[in-house]
Each structure stands twice: as structure tokens, then as C-alpha cells.
Amino acid sequence: MAAQSPTRRGTTPTGGQPSLEREPEGAIAGYLFKVIREQIPRTQEELAEELGVDKSTLQGWESGRRPLSSTRAGNLVAMRRKLILLGAPPGLVDMLSTAMDADLLLGEILRAEPIRGRLREHPLAGWVLTRDTTHMIGWAVSGVLPGVVAAHSAIPAARRGPVSSSPLLEPGLRERFFHRVRTASDVAGTAGAEAALLRRQAWYLASYDRQWDAANWFDALRRKGALTANLDGWSPRWAEARSVAASLARQGDASLLRDFINRSIADHDQAEAANLNYWAHWLGLDRRPQTDDCFMAERDRPAWDASALLRELAVRLDRAVEYTDLYVHSIWALILSRRNLLDSDPYVAQELAGRVGVLLDDGTLSSESRRKLESVYYGLRTSGYGV
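Residues numbered from 1 in each chain as written. Predicted model: local features only at pLDDT ≥ 70, side-chain atom pairs only at ≥ 80, totals over all residues. Heavy atoms only, no water.

### Regarding the overall build of the chain
Selection criterion: Secondary structure elements are taken from DSSP: a helix is a run of H or I of four residues or more, a strand is a run of E of two residues or more, and numbering for both begins at the N terminus. Relative accessibility thresholds used throughout: buried, under 20% of the residue-type maximum; exposed, over 50%; partly exposed, between the two (1.4 Å probe, protein chains only). The contact definition used throughout considers only heavy atoms, calling two residues in contact when any of these lie within 4.5 Å.
For the chain, the count of helices and strands is 18 helices and two strands. The buried share of the chain, reckoned over its 387 residues, is 53%. For the chain, contacts bridging at least 24 residues in sequence account for 69% of all contacts bridging at least 6.

Dropping the structure here:
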């Protein structure tokens with residue numbers, strides 16, 4: 001990626017204080033590379049010697065000043081293999097490609113000017129993002145450690161929040177990022193179905209903003225009726241409503257998500273299938289690149305494994321509190337739609353039984369989620385799992 005012109009710290013559409021900041025080029029992949037080095041562990045000098053590069057080159061990678069994506073493809077493949085041989089967690093090494101993709105997309109969003117009539121050219125309009133890419137971008141704009149990184153590394157507790165020891169952007173760049181994604185959604189607001197993907201992905205990325213005006217912005221969208229979630233069956237509007245309900249849940253308001261589940265997923269076969277199809281894509285189980293949301297409407301011969309999806313949903317059931325209702329419903333619907341699924345992977349079934357039992361005991365579930373979880377737990381007990 002070519003070097004970018006500097007921006008000004010704190011600069012907003014209404015002006016700000018003039019201190020220069022440089023746009024990121026490889027900050028996310030660079031910081032992930034640093035995490036990988038620390039897991040081996042090696043000093044910069046030691047790893048540079050073992051990889052056969054100058055220390056300054058390695059420092060450039062870690063700082064993002066010299067993007068890993070500019071490394072020749074063959075050298076990058078060889079380096080990844082060498083890292084694993086040195087003891088790096090393979091899961092983290094695999095994520096380097098995702099981190100480089102997130103760096104590229106982040107830079108495009110920071111530069112993108114949404115123009116009516118050319119919205120399909122916006123970086124959020126042409127590809128359906130996965131969880132890993134989205135969370136990598138979220139790492140840079142909020143400092144929140146992606147779960148996939150936490151799962152494969154021992155990050156000191158001080159790094160698990162929005163602190164400086166992360167690829168967190170400078171304040172002015174974060175302001176510009178959130179301004180760009182909000183502007184994109186506003187410009188696309190009246191563009192119809194062709195801009196549905198852009199709107200919903202901009203809404204979700206905007207939910208990483210924890211400033212007071214972000215909540216006000218979402219409230220304004222709600223008052224305008226832009227976030228209506230009462231839909232029958234799948235449509236591009238359904239996909240938008242699902243994402244924005246999830247966005248508001250991330251902001252701390254789960255009421256729209258519960259309403260969306262009850263009114264626009266439950267008891268609608270097409271919507272139930274769409275919800276599971278999207279989960280499979282979001283979690284990386286359906287690896288087909290998607291240029292729009294129409295894949296969610298597929299009903300026959302899903303391009304993903306039901307047992308793998310159950311495993312991915314089960315391990316997150318008691319972690320993402322704001323999305324508990326969606327996880328519960330999706331697990332319940334998946335088991336209901338796939339006979340003998342619980343017997344296909346006894347280890348996952350046993351793990352799920354433990355997590356379901358914990359949730360049923362904590363007393364915070366909505367009545368509808370409790371009913372569904374009790375049904376899941378009964379099925380698990382009937383199949384011989386649980387205590």
C-alpha cells in the first residue's frame with residue numbers, strides 16, 4: 001500500500017487542533033506479528049537473525065511503517081512456515097493474512113468519500129465481511145482484543161482493553177474512521193436495496209464507537225424508522241435489520257435484538273435458514289467469497305457443516321453477554337433443524353451441556369431464551385449428556 005498523506009489529530013468536519021498524524025498502512029498485521037514474536041518467544045534481534053532480515057526491517061513490520069503486505073508472496077509464505085517451526089501458534093500465523101486484509105480495508109475506509117450514484121465502489125459495498133476481518137478492524141478502532149487472537153495467545157491483562165499497547169489508531173484517525181462509516185450509511189440511507197450491504201456493514205462498524213454521540217446517532221436512526229426490525233422472511237432489508245440489532249446490542253441495548261429474533265427470525269423457515277447461513281459465513285465456515293447478502297437465502301444443501309457451526313456457537317454461548325439471546329436462539333434452531341446433530345460430536349454436546357447449565361443457573365436470561373435453553377438442555381440430557 002502506498003504511503004498516505006498525514007491527517008490532523010482531533011480534526012473533525014468542524015475543525016480541530018492541528019497536530020499531524022499518519023494514516024496506518026500495516027498497523028494491525030504489524031502488531032499481530034509482534035504478538036506472534038512474543039509467543040515464541042524471541043527478541044526483535046533474535047527473530048530478525050532467524051528470519052534472515054535486518055532488525056530495522058522487523059521493526060518496520062511491527063510498527064506498521066513497512067507493511068507485511070509489501071513483502072514478496074514467496075518470502076511471506078516461507079516466513080510463516082519458519083514462524084511455526086520456531087514455535088509460533090499456527091492459529092495466530094494463519095491470522096496474518098486476515099490482518100493484512102483488515103489493514104487494506106481500514107485504509108480504504110479512511111480515504112473513501114461515499115458518493116451517491118457510485119456507492120457500489122465503496123470498500124464496504126462489494127464484499128461481505130467475516131468476523132475475523134471485522135474484529136481485526138475493531139481492534140484498531142476500539143482497542144478491543146479479537147477473540148481469535150486471545151484464544152491463541154497469552155496476552156498480558158493490560159492489553160485486553162483500549163490501551164496504547166495495541167494497534168489502536170490515534171484519536172484523530174479514530175474520529176475520521178467513525179465519521180466516514182456514519183457518512184457512508186447516511187448517504188446510502190435512501191439508495192434502496194443496492195446499498196443494503198454498505199448500510200448494514202457501516203452500521204456494525206459504527207457500533208465500535210463508545211463516544212456519547214455514537215449512541216445519539218443510533219437513537220436518531222431509530223427515531224427515523226431506519227432500524228425497524230419487524231420483517232417476515234429474508235430480504236436485503238432483513239439482513240440490514242439483523243446487523244443493526246446486533247450493533248445496538250453491542251452499544252448496550254439488546255431490546256431490538258430480542259424483538260428481531262421473536263418477530264423476524266422465529267417461526268419463519270426462510271429467515272431461520274438465513275440466520276444460520278450468515279452465522280456460517282461470519283464465523284468462516286462457509287469460505288466462499290460473497291459480494292452481496294443473497295447467499296443467506298439459500299435453503300438447499302448448505303455449504304457449511306452443521307456440527308462445526310454448533311461447535312463455534314457453543315464455545316461462545318456464555319462469553320458474548322450482549323448477544324446471548326441470538327446465540328441461544330441460533331443453537332436451539334440449529335439443533336431443531338438437524339436431527340441427530342447432538343450425536344455427531346459427543347465432545348461438543350458435552351461441552352454445550354456444561355455451558356447451558358451455567359446459563360440456566362445465573363438468572364439473567366430472558367424468559368424466551370430460558371425456554372429455548374431448557375429445551376436444548378432436555379435434548380442433551382435425553383441423549384445422555386450433562387449431569
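### Concerning unusual backbone geometry
Cis geometry is found at the peptide bond from Ile40 to Pro41, where omega equals -10°. Position of Pro41 relative to the elements: it lies in the loop between helix H1 (27-39) and helix H2 (44-51). At Asp267, a residue that is not glycine, the phi angle is positive and equals roughly 70°. Along the chain, Asp267 turns up in the loop between helix H12 (255-265) and helix H13 (269-282). What makes Asp267 exposed here is its relative accessible area of 73%. Backbone geometry places Asn340, a non-glycine residue, at a positive phi of 65°. Along the chain, the position of Asn340 falls in the loop between helix H15 (324-337) and helix H16 (341-344). Among the residues examined, Asn340 registers a relative accessible area of 62% and is labelled exposed.

### Concerning the confidence of the model for the chain
Put simply, the test is: Per residue, pLDDT captures the predictor's confidence, and it can take any value from 0 to 100.
Averaged over the chain, the pLDDT score is 87; the fraction of residues at 70 or greater is 88%. At the low end of the mean pLDDT range in the chain sits strand S1 (residues 7-8), at 38; at the high end sits H2, at 97. Contacts for the low-pLDDT stretch residues 1-20, under 50 throughout, to residues beyond four places or in other chains number 39 contacts. Within the model, the stretch residues 157-164 combines pLDDT values under 50 with 15 contacts to residues more than four positions away or in other chains.

### Remarks on H15
The criterion, for reference: Take the number of residues in a helix, subtract one, and multiply by 1.5 Å to get its expected span.
The end-to-end C-alpha distance of H15, which contains 14 residues, comes to 20 Å, matching closely the 20 Å that a straight helix rising 1.5 Å per residue would cover. The buried fraction of H15 amounts to 12 of the 14 residues, a majority that puts the element mostly inside the structure. Every buried residue belonging to H15 is among Thr324, Asp325, Leu326, Tyr327, Val328, His329, Ser330, Ile331, Trp332, Ala333, Leu334 and Ile335, and all of these are buried.

### Considerations on empty space enclosed by the protein
In plain terms, the rule: Any residue with an atom within 4 Å of a point lines the site, the site being either a cavity, points on a 1 Å grid over the protein atoms alone where a 1.4 Å probe fits but cannot get out, or a pocket, an open set with protein on both sides within 12 Å along at least 5 of 7 lines. Grid points are joined across faces, edges and corners, and a volume is the space filled by probe spheres set on the points. We call Asp, Glu, Lys and Arg charged. Ala, Val, Leu, Ile, Met, Phe, Trp, Tyr, Cys and Pro are nonpolar, and the rest, Gly among them, are polar.
Taken as a whole and assessed by the stated rule, the structure comprises one cavity of 30 Å³ or more. Taken as a whole, the largest cavity encloses approximately 60 Å³ of empty space. What lines the largest cavity is Leu129, Thr134, Arg200, Gln201, Tyr204, Leu205, Ser243, Tyr278 and Trp282. Secondary structure elements with two or more residues in the lining of the largest cavity: helix H9 (196-206) and H13. Grouping the amino acids of the lining of the largest cavity by side-chain chemistry returns five nonpolar, three polar and one charged.

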